[in-house]
Every structure is written in structure tokens, then in C-alpha cells.
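# Descriptive analysis of the structure
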Amino acid sequence: MNSVNQEHIRNFCIIAHIDHGKSTLADRILQLTNTVDEREMREQVLDSMDLERERGITIKAQAVRVLYTAYDGQQYQLNLIDTPGHVDFSYEVSRSLAACEGALLVVDASQGIEAQTLANTYLALEADLELIPVLNKIDLPAAEPELHARAIAELVGEDPASVLKISAKTGVGIEEVLESIVTFVPPPTGDAEAPTRALIFDSVYDQYRGVVVFVRVVDGALDGKVNLRAMQTGLTFDAEELGVMTPEMVPTGSLKTGESGYIVTGLKDLGELRVGDTLTLSSNQAEEALPGYREVKPMVFCGLFPVDGDDYPALRDALEKLSLNDASLVWEPETSQALGFGFRCGFLGLLHMDIVRERLEREYDLDLLATTPNVQYQVTTTRGDMKPVTSPGDLPAPTEIEFIEEPYVRCTILVPKDYVGAVMGLCQDRRGVYVGMEAIEQRQQISYDLPLAEVVLDFFDQLKSRTRGYASLDYELAGFRESPLVKLDVLLAGEPVDALSMIVHRELAYARGKHLVERLRETIPRQMFEVPIQAAIGGKIIARETVKAKRKDVLAKCYGGDVSRKRKLLERQKEGKKKRMKHVGSVEVPQEAFLAVLEFGDDGNSDK
Amino acid sequence: MTGVRHLYAHLPFCSSRCGYCAFVVETGGLDRRDAYLDAVIAELDAQEQKLGELDTVYLGGGTPSLMRARRIGRLLESIHPGLAADAEVSMEINPETVDHAALRAFRAAGVTRASIGVQSFQPHLLAALDRGASAEQARAAVECAQDAGFESVSIDLLFGVPGQTPADLEADIAVVRELSPEHVSWYELEIKPGTALERIGTLPPDEDASAEAYRRVVDVLEDAGYRWYETANFARPGFECRHSLGYWHAHDYLGIGVGAVSTVEGRRWRNASGVDAYVAAAGQPSQTNEDLDEDLRRRERWMLALRLEEPIDIARLGEPDHPENFDLLRTHGLLDDEPLALSREGRFVQNSVLHRLMEYA
Ligand SMILES: Nc1nc2c(ncn2[C@@H]2O[C@H](COP(=O)(O)OP(=O)(O)O)[C@@H](O)[C@H]2O)c(=O)[nH]1
Ligand SMILES: C[S@@+](CC[C@H](N)C(=O)[O-])C[C@H]1O[C@@H](n2cnc3c(N)ncnc32)[C@H](O)[C@@H]1O
Ligand code: SF4
């Protein structure tokens, strides 16, 4: 695919709230520029994983190059850089943005601005991108283009008349979008003569080719099978192949200043090359790395245990395979008295956790139990050292703790005005600290600082249910704060169950404990003996419930002709139990019980 | 070896199928009784070499009492080498099929133990079960049987019948106490797949109600001097059903007739159902086989043994899979020592106990 000169390159991305039509628009652009002919046109070519397609989320950004002959008769090279659409991946979004000069800000004309619209807009403005506001889905009867155009224009500081009104579905307005890109997005400004600097904005693992990174060449050029150096990690490797995605991989042998493309590295471990790092030539090194590199740290942790202990090696294999493609997934072996052998896993966020779990269950056919998600606490001990704690079991004894800090996030919630009270109530319940409020269109943007630990429970579900699904949420890390936290233990039949412990705020502990034992009583079936369920803090019982003993459990009559059948019935009972139940000490606990700790519902906090 | 000492014969004819019944039953076709009996005797002859002197015979059905005493006599006479002097010969009897004379005739033909399928003495429950007998017929049959000289009379009853109130249960209990048979089998009604009860969507009673009914039955019968010797069976001491005990002790048994199951020396087989095919096969019915290895046998022995009141004989049963759980059972009062046996409470939850001791993989 022919190169053009730097003046004719446009690097851009599409930012949108989920479902506002980013993928559909991307497809249209590919179609219009004949990159993908009609016959080949799969839906949403940019989303490569089935699971993502089903969920409608794009995890991995990729870059696609198209050639477009504009109304001015000139041919332009447009590099469309796809960005992930969810808050868990906001760092990856920011790196994608850093590879662009402009962004299409796509908003659903029937929905208007949502939380991620705002979050991404702010990110794009920070990255100094030229924003092209686009209202999509104008074909919908419920579309209100004029109304929303005013709001978007205000958000990006432009004239409402300049907001493009399109339908990615019917194709209306797509050419105008391309023309706007050519006209308004500036060409890349890198220095062709300077030592090469290329920003890694994404990486994937390919079974046959190893790690493939997506880069934006900022200065200089990449030519042939050069030896490259990652400036942050110091790793060096040979570029095995350079090329661009069209969206098929097309080797080009070189990438020039301002261009985006891929490098096949031959490396086997995705973790070795980090998104955000800068590549330079080993033979002619740049002095300074490009700014903005950050190590991505997992924010949410949970234990994953195979329901059937025999599946432990299979779970390990599956995690290894997933990690190949997902450098942000971290895990290490963990042993639970209650659940046996498993792994403590770290995720970027809740969605990431759900996706990983679902892939493990679906693609690797594993039945898993997940423990309550945790955040990473910072515990300062009386001896003065600081210890990160991601599992309640690792919390030192109370006497050894000087203080505990927990991560906070700044949450931005956008809701219709009627629901402001409900949202504030929820945030208040979850230990939120009010930050501010602002009207945006017909809605309110409410900002709260919340402990991440509260957000990772069922906050999002609660938010949706209390606002009838109207609220949208975005959050970013906002540092650590000291909190009076305690470890809440659960005892079944007198035995502590490590997998049910959690770290909670002292003032919420009583209500949480009470709610938890109630939920457990409802979930744990009667057994052949009475099972007391207790919640305790530091050995002191704060709540108690009892699962009554079974009064009768016999197999009805059994005569000679019936023995095999009865034995098979026992086998089926056993099989059913094995699937659903975990032996925790002497108690048979159904898997749902471990989920019970996740749901606090409406009353989990308020009935103090 | 001395050979198999327990014989079961399946006599499938019934006048109609009751709403809860999932047994191998042939409704109507009484004109084929002789042909059927010929086939049963042919099968008996074919299997003769497996038999020792019989300790027990059980004539089950279907409705064996529809076979009339003449045929029952012929069947019993066809057994070789024959019955032990004190052999127990049980027969299932439907109340509406017998009178005084008939019962005496069965006794004379060699039946020693009459097992009468009463199910309930309450008219509305008999109706709910589609039973052929009325409450009066049920009571009369028991009284006549008690009069006919059997060594033992047993009655079958059900709890958990749709519509059965605690008062209905008490009423049946009162009649049982009054009639005072040597033996009572009191089963919980099972809603079996393919039965009329299932088709009309009958739901089992709730867990607590059924537990209360069961415990009430056990309490009352124990109080009345019966031994609760098996999950659903009660007997005055010495009147336990020896044939059933044979099953529960995992003895070998030979079963003949349609749908009958045999277990002999680690092999279990089941005759095909269908009277016509059985008759045509003239003693060589088609069968499905199941090989039982020692491990399966051990699991079955435990499954059966925990149904019984008698002590747990580990030497006979073999080690349980989880002997470590004995302590847990003791702690919760479900197991007694010296001799090792399920406690009374343990017997009410024997299925849970079994799963704690054994793996059914
Ligand atoms: N009616 C209409 N539907 C659209 C339009 N663009 C996208 N959609 C639909 O909106 C949904 C979400 O679109 P998608 O491109 O997957 O959104 P993304 O999550 O932002 O990538 C899909 O069902 C699309 O078919 C449009 O212009 N008009
Ligand atoms: C082989 S059956 C039938 C005997 C005889 N034909 C009769 O109906 O009385 C023996 C006993 O099993 C019991 N039984 C039959 N079906 C049952 C069911 N679905 N649930 C519980 N017990 C049942 C009844 O008490 C019945 O008397
Ligand atoms: S009489 Fe007995 S065997 Fe015959 S259908 Fe009724 S319950 Fe079944």
C-alpha cells in the first residue's frame, strides 16, 4: 500500500459512549473507502473477538489504514485508530488518543451525551486532539439532533451548525465525515530527521507470530528488520515485520514519520512490551521517551477457584493462555481452606474481571467460584512498614496495624434530574464524598469521591436499578485515603470461612455482617445438622443466623428390583452436589453463597 | 455353595392401573394368566440350577391375588429343590380381589404371609389414588386375612398423598392401631414419571409437612410396639419380612416373570417387560445385564444397610469411603456406638449420612 507524504496523513480515532455507533461508523468508513468490499464485509470488522462482539465492547485497539481521495482531488492516508470503550481501559484509551491528531466524537442522537462521552472528551481535549462532533443515528424516530447538537457544541466549544448529523446505519453523511477529517484534523508534525520514536499504543498476541505491537511513528522512521529498543523497559528485539492493517495485515517494510502500523516482534510474552512505551532504534537512540508512560496496575482482585478441585491444572493453563493476550491480567496461586487451590487474580476493573471470568468459563469450559472482589489496601504496620493487601486473609492482626489506606475513585455520574436524589443517596450510603454537580443538557453531572471497594461491589447494578437504567458512570483513580477498616469474618458451624471474609468500613460492618448472614441463611440449604452462621469482627460475634437441620432425608421404598435405580439416584444426587456445592469444613455450601457477599442491595447499608 | 435362597415372582395382572403406579403391570388380559404362568414356570426350570433350598418366596405384582389360589399353588409346587420347612412365602393382595374363602385358599396353597395393599382407609384418598378397593373392602380384607391363618399379615399404607391432611393421617393411624397387624409398610408416595398423578401435575407435599407426617408415623408405631426395622417398615418383633431383609442385606436373589430383576454372584439382570413377548419366550426372556464389581456392591451394601435399624457391621459391608466422617456424625448425635448404628435422628436423615460416608461416583 503506497505511502503518501506527511502532509496527507491523518491519524484519528472515534470516541463514543458504548452503543452510540462507533463500530458501525468504522465499518462504514472502511466500506466507503473500498478497503473492505461489500462481499467481504463482515459486521464490525474491528472487533476481533467473538465475546467482545457479543458484549459490544472493543477491548483491543487496532489501527486500520485507508486511502481516501478527497473532494480536493488529493489522496489521503487515513489511519483509524480504534479505542476501547470502557472505563476499565481508560489508560489504553489515553494511549490510543496520544497516537492521533483528531477524534470523531460520536453521540447517539436519540440518547445525547453520556458519562463516557464526557470522560473521553476530556481525555481527547487533554491530548490536544481536534474534535469533530458527530451525531449518529439521525434515522431513528426518537432522534433529537437539534437538541443534542447544541449540547455537544457547548461541550467542545463550537457552533451547533458545525455538528455533523449522520446515520452510520443508512450511510447518510459518511462522506462529510471523511471530508471533515481531511479538512480539520491536522497532519502529523513529527520530525522526520530526528532519531526514531514510536509510541506503542496497543499490543496483541498472535498464536503464530508472537507479540504484535501497534505503533505510531512520531519522529524518524522504521525501515526493515531493524533492532529496536523499548525505552522504558530497556528491552531490545528485532522487528521481524513492519506493516499496516487494511484491516488484513499487509507488510510494507517500513513506517514513516506520522504513520501508524504494526510490528511483528517475535516476542513470546505480551508483558515484556508495555503499552505506552516508546520504541527507538538501538543503533540511533532517541534521548527522551515520549511522555505519558504509566505502568498499568490491576485495581480489582478476586480469588478464582475451580468448583471441581481436579480442574486446578486446567485453570492454570487457561490463565496462562489468557495472559498471552492480556498483559493487564495478573495472577498468582492462592490456597483457601474453604475452596482449596486456586488463584488470586488482579484486573483493571470490574468489567475486565467479568470478561476474564466469562472467557475462562466459556472458552475453557471451567466452572469457577469467585470470591468477593477486593481492592488493594495499603497497610502501615506499627513497625512502620507499608504492606499492600489484596486479600482479607493477608490483613495483619489489628494490634499490628497502625493505619489502613484504601484507594478512592472519582466517579462522574450523569443522570436525568429526577434521579439526583437517588444517586446521592446511594453515593452517601457507599461512603461517598460529594465533590460537585453540574447541569449538562437536561441532566445533572454528579461527582463523588468513593472508595473503590464500594464501587466494585454492586454499585453499578444499584445505580442502574435506582435510576431505571438512566445513569451512566465513569470513574478514575483518585489516590489513597486513610479509613477505619476492619476485617469481617464469617463462621459456618463455628469455623471461619476464609473465602467469605471481607474488609469493610467499621461503621458499615454491623449492617454488612447482618445482611450477609441473612443472605447466607437463605442460600445454604438445610443439612443433616443445624448450621450456625456468624459474622464476627476480631473474634466478637456481631450477627448470627441458623440454618435448621433437615427433619427427613430418606430414599423412599427400596425393594429388590430397585437397587440399581436407587444407586443411580444417589449418583445423580452426588453429581448434582458436586456441581453446586462446596464442602466448607463440615458444611455443604452452594456456589451462590459466595456470590451472596457481593450483593448488598438496597438495605445492606442503610438499616444501621 | 448352597445356592440362591430368595425367589421373587412377578405376577403383573391388574384390573386397571392406579394413578401413582409405575410398576410393570398388565391391565386386563386375564385370559392369558395360564399361558403366563407356564412361561414363569419354564423360566423357573431354566434357572433351577441356581437355586438352593429357598428361605423366602415373594409373589409381587401387579396383583398376585388375581392369579387365584389354584395357580399360586401350581407355581409354588414347581419350585425345585423346594422350600425350607420354615420358609416365608409372601404374597401381595389387593383388597377388592379377595374374600374369606379366597384368603383361606391362598393360605392352603402355601402362602404364609399376606401383604395387603391398603394405601389408606380414607375414601377421598383412595379416590385420589384411583384405587379399586373401598375403605370397607380394605378393612374387611385385613380382618379376613387375620382370620385365615397366615403366620403374618402386613398392610401397605401411604403418606404424602395429595389431599391428605394431618387429620387424615391420624384417622389411618387409628385404624392401624385397631387392626394391629403384625407388620406395616408405610411408604411416602412418590410421584413417578409416566403416572397419571404426574401427568396431572401433582406436586409433592412440602418438605416440612412430609417430615412431620413421617415422624408421626414412626413415633406412633413405635409407641404401639412395632420395631422400626427399616426406613419404611415396621414389625412386631420376630415378624420382620425376611424376604425384604434379604434384599437389604444384599443377599443374592432370583427374580422371575416380566420385568423381574435378579442379582446372583455379582451379575444383575432384568427381564424385559411385555407379557406377550415373555410368554412367547417360553422361559428364555430377553434380558438386560449389569455387571456389578465389588466396589459397586460395597456401595450398594452401605446404601441398603443404612436403611436398617440393626447395627452397622463394617466387617460385612466393607470400609466406608469416608470413615473420617464418623466423628462428625457422632458430634451431631447421628451415630451411636456400641454397637455402631445410626441413632434414631440419624435414621431420619440417612440419605445425608450416606453421602457423608460414601462416594457415589
Ligand atoms: N438506527 C441506527 N442504529 C445504529 C446506527 N449506528 C449504529 N446503530 C446501532 O446501534 C447499536 C450499537 O452500535 P455499535 O456500532 O456496535 O456501537 P459501539 O458500541 O459504539 O461500537 C447497533 O445495534 C447498531 O446497529 C445508526 O446510525 N442508526
Ligand atoms: C408392588 S406394589 C403393588 C402391590 C399391589 N398391587 C397393590 O397395589 O396393593 C407394593 C406397594 O408399593 C407401594 N407403592 C406403589 N407405588 C408407589 C409409589 N408411587 N410411591 C410409594 N409407594 C408406592 C404401595 O404401598 C404398594 O402397596
Ligand atoms: S393394583 Fe397395585 S400393581 Fe396394580 S396398578 Fe394398582 S398399584 Fe399398581
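These figures come from a predicted structure and were not determined experimentally. (Residues numbered from 1 in each chain as written. Chains lettered and ligands numbered in written order. Predicted model: local features only at pLDDT ≥ 70, side-chain atom pairs only at ≥ 80, totals over all residues. Heavy atoms only, no water.)

With that settled, the discussion passes to the site of ligand 2. Around ligand 2 sit 17 residues, and of these Lys557(A), Gly62(B), Gln119(B), Arg131(B) and Asp156(B) come closest. The environment of ligand 2 is shared, with nearby residues belonging to chains A and B. Here Lys557(A) contributes a side-chain N or O atom positioned 2.7 Å from an oxygen atom of ligand 2. One nitrogen or oxygen atom from the main chain of Glu190(B) is found 2.9 Å from a nitrogen atom belonging to ligand 2. Compared with its free state, where it exposes 550 Å², ligand 2 has 95% of that area covered by protein. When contributions to the shell around ligand 2 are tallied by element, the ones reaching two or more residues are β6 (113-119), β7 (152-159) and β8 (183-188) of chain B. By residue class, the composition of the shell around ligand 2 is five nonpolar, five polar and seven charged. (Near = heavy atom within 4 Å. Polar contact = N/O pair within 3.5 Å; in protein donor to acceptor, adjacent residues only side chain to side chain. Areas by Shrake-Rupley, 256 points an atom, 1.4 Å probe, with all protein chains shown as cover. Helix = DSSP H or I, 4+ residues; strand = E, 2+ residues; numbered from the N terminus. Nonpolar A, V, L, I, M, F, W, Y, C, P; charged D, E, K, R; others polar.)

The partner chain B presents 43 residues to the 31 residues of chain A that form the contact. With both sides pooled, the region where chain A packs onto chain B buries about 3500 Å², and carbon together with sulfur makes up 54% of that total. Ranking the residues of chain A by area buried against chain B places Met528(A), Arg551(A) and Lys552(A) at the top, with a combined share of 22%. Taken together, the links from chain A to chain B amount to six salt bridges. For Arg567(A), the salt bridge is made with Glu290(B), and the minimal N-O distance between the two is 2.8 Å. Counting the contacts that link chain A with chain B gives 22 residue pairs in polar contact (both at pLDDT 80 or more). Secondary structure elements with two or more residues in the side of chain A that touches chain B: α12 (563-580) and β33 (587-590) of chain A. Ranked by the residues each element gives to the side of chain A that touches chain B, the list is headed by α12(A), at eleven residues. (Contact = heavy atoms within 4.5 Å. Buried area = accessible area lost by both parts, 1.4 Å probe. Salt bridge = Lys/Arg side-chain N within 4 Å of Asp/Glu carboxyl O.)

Our next topic: the nonpolar core. Across soluble globular proteins, you tend to see nonpolar side chains buried next to one another. Formed by 70 residues in total, the largest nonpolar core has its most connected members in Leu59(B) and Trp186(B). Beyond its immediate stretch of four places on either side in the chain, Trp186(B) contacts Leu157(B), Leu158(B), Phe159(B), Leu169(B), Asp172(B), Ile173(B), Val176(B), Val217(B), Leu221(B), Ala232(B) and Phe234(B). Residues Ile524(A), Cys558(A), Phe594(A) and Ala250(B) belong to the second largest nonpolar core, which totals 69 residues. (Core = buried A, V, L, I, M, F, W, Y, C linked by side-chain atoms within 4.5 Å. Buried < 20%, exposed > 50% of the residue type's maximum accessible area, 1.4 Å probe, protein only.)

This part is about the site of ligand 1. Residues and elements named next belong to chain A. The full set close to ligand 1 counts 17 residues, and Asp19, Lys22, Ser23, Thr24 and Asp139 are the nearest of them. Taking Lys22, its main chain carries an N or O atom lying 2.8 Å from an oxygen atom of ligand 1. At a separation of 3.1 Å, an oxygen atom of ligand 1 approaches a polar backbone atom of Lys169. Protein chains shield 80% of the accessible area of ligand 1, which is 570 Å² for the free molecule. Broken down by element, the shell around ligand 1 gets its largest block of residues, three residues, from helix α1 (residues 22-32).

Turning next to the pairing of strand β8 (residues 210-219) of chain A. Residue and element names in this part refer to chain A. The buried fraction of β8 amounts to nine of the ten residues, a majority that puts the element mostly inside the structure. Bridge analysis of strand β7 (residues 197-206) against β8 gives nine bridges, and the strand direction is antiparallel. Counterpart to Ile200 in the pairing with β8 is Val215. Connecting β7 to the antiparallel partner β8 that follows it, the hairpin turn spans three residues. Pairing geometry for β8 and strand β15 (residues 260-264), over five bridges, is antiparallel. (Pairing = 2+ DSSP bridges.)

Residues and elements named next belong to chain A. Summing up the model confidence of chain A, the mean pLDDT is 86 and the portion of residues at 70 or higher is 91%. Below a pLDDT of 50 lies the segment residues 37-61, which in the model reaches 65 contacts outside its immediate sequence neighbourhood of four places, other chains included. The model gives residues 602-608 a pLDDT under 50, and that stretch makes 17 contacts with residues more than four places away or in other chains. (pLDDT = per-residue confidence, 0-100.)

For the rest of this paragraph, the subject is the side chain of Arg301(B). All names here are of chain B. In this fold, Arg301 is placed in helix α11 (residues 294-305). Looking at Arg301, the relative accessible area reads 13%, which means it is buried. Apart from residues no more than four positions distant in its own chain, Arg301 is found in contact with Ala250, Glu294, Arg316 and Leu317.

Attention shifts here to unusual backbone geometry. Residue and element names in this part refer to chain B. Residue Pro81 follows His80 across a cis peptide bond; omega there is 0°. Tracing the chain through its elements places Pro81 in the loop between α2 (68-77) and β5 (83-93). The residue after Glu338, namely Pro339, is reached through a cis peptide bond having omega -5°. Within the fold, Pro339 resides in the loop between β15 (335-336) and β16 (341-342). Positioned with a positive phi, Ala250 is a non-glycine residue whose angle comes to about 60°. On the basis of relative accessible area, Ala250 is assigned to the buried category, the value being 17%.

Further remarks concern helix α10 (residues 452-466) of chain A. All names here are of chain A. Between its first and last C-alpha atoms α10 spans 19 Å; for 15 residues at 1.5 Å apiece the expected length is 21 Å, and the two agree. Roughly 65° is the biggest bend found in α10, and it falls at Asp458. Those residues of α10 that fall on the buried side of the exposure criterion are Leu452, Ala453, Glu454, Val455, Val456, Leu457, Asp458, Phe459, Gln462 and Leu463. The first or second residue beyond α10 is Arg468, which carries a positive phi of 50°. (Expected span 1.5 Å × (residues − 1). Bend = angle between axes of the 7 residues up to and from the residue.)

A word on the packing of aromatic side chains. All names here are of chain A. Tallied over the entire structure, the rule returns 15 aromatic pairs over all chains. Their ring planes at 75° and their centres at 5.6 Å tell us that Tyr434 and Tyr448 sit as a pair that is edge-to-face. Note that Tyr434 is positioned in strand β24 (residues 433-440) and Tyr448 in strand β25 (residues 443-451), a separation of 14 residues in sequence. Looking at Tyr434, the relative accessible area reads 40%, which means it is partly exposed. (Phe/Tyr/Trp six-rings, centres within 6.5 Å; stacked < 30°, edge-to-face > 60°.)

Under the counting rule described, the total for this entry stands at 59 salt bridges over all chains. Linked by salt bridges that have partners in common, Arg567(A), Glu571(A), Asp252(B), Arg268(B), Glu290(B), Arg297(B) and Glu300(B) make up one network.

Residues and elements named next belong to chain A. Where α1 contacts helix α6 (residues 174-184), the two axes come as close as 10 Å, and the packing angle between them is 85°. The angle between α1 and α6 places the two elements in the roughly perpendicular class. Side by side, α1 and α6 meet where Leu25, Arg28, Ile29 and Leu32 of the first sit next to Ile174, Glu175 and Leu178 of the second. (Axes fitted to C-alpha atoms, helices over the stretch in contact; angles between N-to-C directions. Parallel < 35°, antiparallel > 145°, perpendicular 65-115°, else oblique.)

Below, the discussion takes up the packing of α2(B) against helix α3 (residues 100-109) of chain B. Residues and elements named next belong to chain B. At their nearest, the axes of α2 and α3 sit 9 Å apart, and the two run at 10° to each other. With respect to α3, the element α2 is oriented roughly parallel. Residues Arg68, Ala69, Ile72, Gly73 and Leu76 of α2 form the contact with α3, whose own contacting residues are Ala102, Ala105, Phe106 and Ala109. Counted by class, the contact of α2 with α3 contains seven nonpolar, one polar and one charged residues.

Residue and element names in this part refer to chain B. Strand order in the open sheet formed by three strands is β12-β13-β14, and the pairing between neighbours is antiparallel. The outermost strands of the open sheet, each flanked by one partner alone, are β12 (261-264) and β14 (287-291). Taking each pair of neighbouring strands and ignoring which way they run, the sheet shows an average axis angle of 20°. In the sheet, strand β13 (residues 267-271) pairs with β14 via five bridges, with the strands oriented antiparallel.

This paragraph deals with the side chain of Lys550(A). Relative to the elements of secondary structure, Lys550(A) occurs in the loop between β31 (540-547) and α12. At 3.1 Å, the side chain of Lys550(A) and the side chain of Ser352(B) are in polar contact.

Residues and elements named next belong to chain B. Turning to its location among the elements, Asp276 is positioned in helix α10 (residues 275-281). You can call Asp276 exposed: its relative accessible area is 52%. The sequence separation of Asp276 and Tyr36 amounts to 240 residues, and the corresponding C-alpha distance is 8.4 Å.

What follows is about the sheet that holds strand β17 (residues 300-306) of chain A. Residues and elements named next belong to chain A. Taken in spatial order, the four strands of this open sheet run β18-β19-β17-β20, and their pairing is antiparallel. The two strands at the open ends of the sheet, each matched to only one other strand, are β18 (330-336) and β20 (368-370). Sheet twist, expressed as the average angle between the axes of neighbouring strands with direction ignored, equals 30°. Direction of pairing for β17 relative to β20: antiparallel, over a ladder of three bridges. Each residue of the ladder has a partner; that of Pro306, found in β20, is Leu368.

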